[in-house]
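# Structural description and commentary
As a plain string of letters, each chain reads:
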Amino acid sequence: MIVLGIDPDLHHTALAWVVVEHLGSPTPRVKVEEIRIVHVPEPKQGGPKGQEAAVEMLRELRYLWSSYDRDPMHPSMRFVKVVAEGQQVYKRKLSAKKGRADGRAEGGAGKVDPAHLLRLALVSGAAMAGALDRIPAAEAVVPLPAEWKGTVPKDVYHADVCTALGWSWDVGGSRREPRIVPRGAGVVPLLNQRGRPAPSSAWIHALDAIGLALWGVSSVWRSVLVDRPGRGSVPRPPDPDGLLSAGRT
């Protein structure tokens, strides 16, 4: 079976098609068939922001789906389930100052501007609609962030995704915001877009999309990616042959 995961963003929406083999067996296997990062230039590059960025992302998503019409064997024609991240506005006191372009309100980390979440919901809905227009019979799931990745740090969750796939990785970014960067001859080309190498920072969005797809597969994978005990720090890179060993210890 093929599951499509969608991580919405105003400037870097990620789509990941994940193939699942031997589902229901003690050792299910998964592989990533394709990753696409739909880009809209960021404000610092002269691109749009806010609602204008959301509308431009909708145009780019429409172009993406239409580009697959020429390839009926592409995985976009064969997925049976699509999982797109949902958004939720939490009751938190926001600063009276205007929210920043990245969606975080002034006054402290973790306080997200509700207007930004509404724009993300627009992108998520458009991406989901495009998928269902292509495969109307596909099952559609829209989990909230707390449901599909819990409250663990992003780098820990991304390391778990790599573990499930048997990928090795490096830790990049900064001490304050570490970033998991997969490596390997068969892995890095997945992120290349239209023959051009993508920046390693694009893995932030790609790994979220893959994680959403894996979450949608079954409760087995959810127990690996969300409920694994002792998730306090990034684990060591796994043995490439042991897909689930790190997650079941």
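Below is a summary of the structure that appears in this document. Starting afresh in each chain, residues are numbered from 1 along the sequence in its written order. Two thresholds apply to this predicted model, a pLDDT of at least 70 for residue-level local features and 80 or more for giving and counting side-chain atom pairs, whereas whole-chain, interface and lining totals are computed over all residues. For side-chain calculations, the full set of non-hydrogen atoms in the structure is used, while hydrogens and water are omitted.

## So, the pattern of salt bridges
Side-chain pairs of opposite charge can arise whenever the charged atoms involved come near each other. Salt bridges are identified by distance alone: a Lys or Arg side-chain nitrogen within 4 Å of an Asp or Glu carboxyl oxygen. For the coordinates displayed, the defined rule picks out 5 salt bridges. Of the charged contacts, one joins Glu42 and Lys44 as a salt bridge, the two residues approaching to 4.0 Å between their closest N and O atoms. Residues Glu139 and Lys81 are paired through a salt bridge, measuring 3.9 Å at the closest nitrogen-oxygen approach. Of this pair, Glu139 sits in strand β5 (residues 139-141) while Lys81 sits in strand β4 (residues 81-84), and the two are 58 residues apart along the sequence. Glu139 sits in the partly exposed class, given a relative accessible area of 44%. For the purposes of this entry, the term helix denotes a DSSP run of H or I that reaches at least four residues, the term strand denotes a run of E that reaches at least two, and both are numbered from the N terminus. To sort residues, take the accessible area from a 1.4 Å probe on protein chains only and compare it with the maximum for the residue type: under 20% means buried, over 50% means exposed, and anything in between is partly exposed.

## A short note on the sheet that holds strand β3 (residues 29-39)
Between any two strands, pairing holds if DSSP finds at least two bridges. Strand order in the open sheet formed by 5 strands is β3-β2-β1-β4-β5, with mixed pairing between adjacent strands. Of all the strands in the sheet, the pair left with one neighbour each is β3 and β5. Averaged over all adjacent pairs, the angle separating strand axes in this sheet is 15 degrees, with direction ignored. Here 4 bridges tie strand β1 (residues 2-7) to β4, and the two strands are oriented parallel to one another. The residue bridging Val3 from the neighbouring strand is Lys81, located in β4. Whether two residues touch is decided by their heavy atoms; if any such pair falls within 4.5 Å, the residues are in contact. Axis lines are fitted through C-alpha atoms, for helices just across the contact stretch, and the angle between N-to-C directions can take any value from 0 to 180 degrees. The sheet contacts of helix α1 (residues 50-67) involve β1, β2 (12-21) and β3, and relative to β2 the element is tilted by about 35 degrees. Contacting β1, β2, β4 and β5, helix α2 (residues 114-134) runs over the sheet at an angle of about 175 degrees to β4.

## Observations regarding the nonpolar core
By nonpolar core we mean a set of buried residues, namely Ala, Val, Leu, Ile, Met, Phe, Trp, Tyr and Cys, connected to one another through side-chain atoms within 4.5 Å. One finds Val18, Val32, Ile35, Trp167, Trp203, Leu207 and Ile210 to be the most contacted residues of the largest nonpolar core, which totals 36 residues. Those elements giving two or more residues to this core turn out to be β2, β3, α4 (154-165), β7 (178-183) and α5 (203-215). Considering every element that reaches this core, the biggest residue donor is α5, with 9 residues. Setting aside chain neighbours within four positions, we find Val18 in contact with Met1, Ile2, Val3, Val30, Lys31, Val32, Ile210, Ala213 and Leu214. Counting 27 residues, the second-largest nonpolar core is a separate cluster that includes Met57, Trp65, Ala84 and Leu117.

Keep in mind these numbers describe shape, not what the thing actually does.
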